[in-house]
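In case you want the letters, here they are:
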Amino acid sequence: MDLRRGFIKILWIIFIIYLAVLLRITVFRSGFSIMNAFSGGEINIIPIADLIKVFLSDKRYFIYLFFGNIVWFVPFGFLLKRLTRLPVIKIIFFGFLLSLFIETMQFIFGVGVSETDDLILNTIGVIVGAVMPVRRIFSVTD
């Protein structure tokens, strides 16, 4: 049982570090300043339109954007599923809220383009992480 508690603590530490890194690369990146609040953030609410433009102009950047938005949110679903007894649908909802928070902060502080595509792809990443099968040793909620 002590080994299990230790493992859970390590997973929580990893989860917190993951969230800090995620926020660092998405919101608190170069160009971030409180002084920039509400001074020119960009928003794109039309789904898929920008992804198509990027795909047609730069396939490498498209792959980076498409898979990057998914991959960066897989750990959220994966770790939260293993650390809590939450149903997958709630984990997906919380992942969506995290993505919405990040997109909102990007808009407010003008550090990136807030896009519907990101919400969709990030949520897909959460789903992948939450339903990803792993060996029993990694599941601490069973």
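Residues numbered from 1 in each chain as written. Predicted model: local features only at pLDDT ≥ 70, side-chain atom pairs only at ≥ 80, totals over all residues. Heavy atoms only, no water.

J.: Honestly, the overall build of the chain in this entry has me stumped. Any pointers?
T.: Along the backbone of the chain there are 6 helices and 2 strands. Order of helices (α) and strands (β) in the chain, N terminus to C terminus: α-β-α-α-α-α-β-α. Referenced to the eigenvectors of the C-alpha coordinate spread, the extents of the chain come out at roughly 50 × 35 × 25 Å. Expressed as a percentage of the 142 residues in the chain, the buried residues total 35%. (Helix = DSSP H or I, 4+ residues; strand = E, 2+ residues; numbered from the N terminus. Buried < 20%, exposed > 50% of the residue type's maximum accessible area, 1.4 Å probe, protein only.)

J.: Help me understand unusual backbone geometry, please; the structure alone is not making it clear to me.
T.: When glycine is set aside, most residues are seen to have a negative phi, and most peptide bonds are trans. Backbone geometry at Ile48 places phi at a positive 70 degrees, although glycine is not the residue there. Looking at the element boundaries, Ile48 is found in the loop between strand E1 (42-44) and helix H2 (49-57). Overall, the relative accessible area of 39% leaves Ile48 in the partly exposed class.

J.: How should I be thinking about the layout of surface pockets in this particular structure?
T.: Over the atoms rolls a probe the size of a water molecule, and in doing so it shows where empty space is left. Volume-wise, the largest pocket comes out at about 560 Å³. For the largest pocket, the lining is made up of 22 residues, of which Arg29, Tyr64, Leu65, Asn69 and Asp118 are closest to its centre. The leading source of residues in the lining of the largest pocket is helix H3 (residues 59-71), at 5 residues. When the residues that make up the lining of the largest pocket are grouped by side-chain class, the tally is 10 nonpolar, 6 polar and 6 charged. (1 Å grid on protein atoms, 1.4 Å probe; cavity = no way out; pocket = protein on both sides within 12 Å on 5 of 7 lines; lining within 4 Å. Points joined across faces, edges and corners; volume = space filled by probe spheres on them. Nonpolar A, V, L, I, M, F, W, Y, C, P; charged D, E, K, R; others polar.)

J.: What exactly am I supposed to notice about the packing of helix H1 (residues 2-26) against helix H4 (residues 74-83) here?
T.: Helix-helix packing is characterised by the crossing angle of the two axes and by the distance between the axes. Taken N-terminus to C-terminus, the directions of H1 and H4 make an angle of 150 degrees; their axes are 10 Å apart at the nearest point. Regarding the angle of H1 to H4, the classification is roughly antiparallel. In this structure, H1 meets H4 at a crossing whose hand is left-handed. For the pair formed by H1 and H4, the contact residues are Ile8, Leu11, Trp12, Ile14, Phe15, Tyr18 and Leu19 on the first element and Pro75, Phe76, Leu79, Leu80 and Leu83 on the second. Split by residue class, the contact of H1 with H4 holds 12 nonpolar, no polar and no charged. (Axes fitted to C-alpha atoms, helices over the stretch in contact; angles between N-to-C directions. Parallel < 35°, antiparallel > 145°, perpendicular 65-115°, else oblique. Left-handed = near helix turned anticlockwise from the far one by under 90°. Contact = heavy atoms within 4.5 Å.)

J.: Explain the nonpolar core here, please?
T.: Of all hydrophobic cores here, the largest spans 20 residues; its most connected members are Phe15, Phe73 and Phe76. Counting only elements with at least two residues in this core, the list comes to H1, H4, helix H5 (88-109) and helix H6 (116-131). Sorting elements by how many residues they give to this core places H5 first, with 6 residues. Setting aside residues no more than four positions away along its own chain, Phe73 makes contact with Tyr18, Leu22, Gly95, Leu98, Ser99, Ile102, Asn122, Gly125 and Val126. (Core = buried A, V, L, I, M, F, W, Y, C linked by side-chain atoms within 4.5 Å.)

J.: In this structure, what is going on with the side chain of Arg82? I would like to understand it.
T.: Note that Arg82 resides in helix H4. Overall, Arg82 belongs to the buried group, its relative accessible area being 7%. At 3.1 Å, the side chain of Arg82 and the backbone oxygen of Phe78 are in polar contact. (Polar contact = N/O pair within 3.5 Å; in protein donor to acceptor, adjacent residues only side chain to side chain.)

J.: When you look at a nonpolar patch on the surface in this model, what are you seeing that I'm missing?
T.: Taken together, Ile13, Ile17, Val21, Ile25 and Trp72 make up a surface patch of nonpolar side chains, about 430 Å² in accessible area. Take Trp72: it is sitting in the loop between H3 and H4. (Patch = residues over 30% accessible without salt bridge, like charges linked within 9 Å, V, L, I, M, F, W, Y side chains within 5 Å. Areas by Shrake-Rupley, 256 points an atom, 1.4 Å probe, with all protein chains shown as cover. Salt bridge = Lys/Arg side-chain N within 4 Å of Asp/Glu carboxyl O.)

J.: How should the environment of Phe76 be read in this particular structure?
T.: Mapped onto the secondary structure, Phe76 falls in helix H4. Note on Phe76: relative accessible area 6%, which makes it buried. On a C-alpha basis, the gap between Phe76 and Ile16 in space is 10 Å, while along the polypeptide they are 60 residues apart. Residues contacting Phe76, with those up to four places away along its chain left out, are Phe15, Tyr18, Leu19, Ile91, Phe94, Gly95, Leu98 and Val126.

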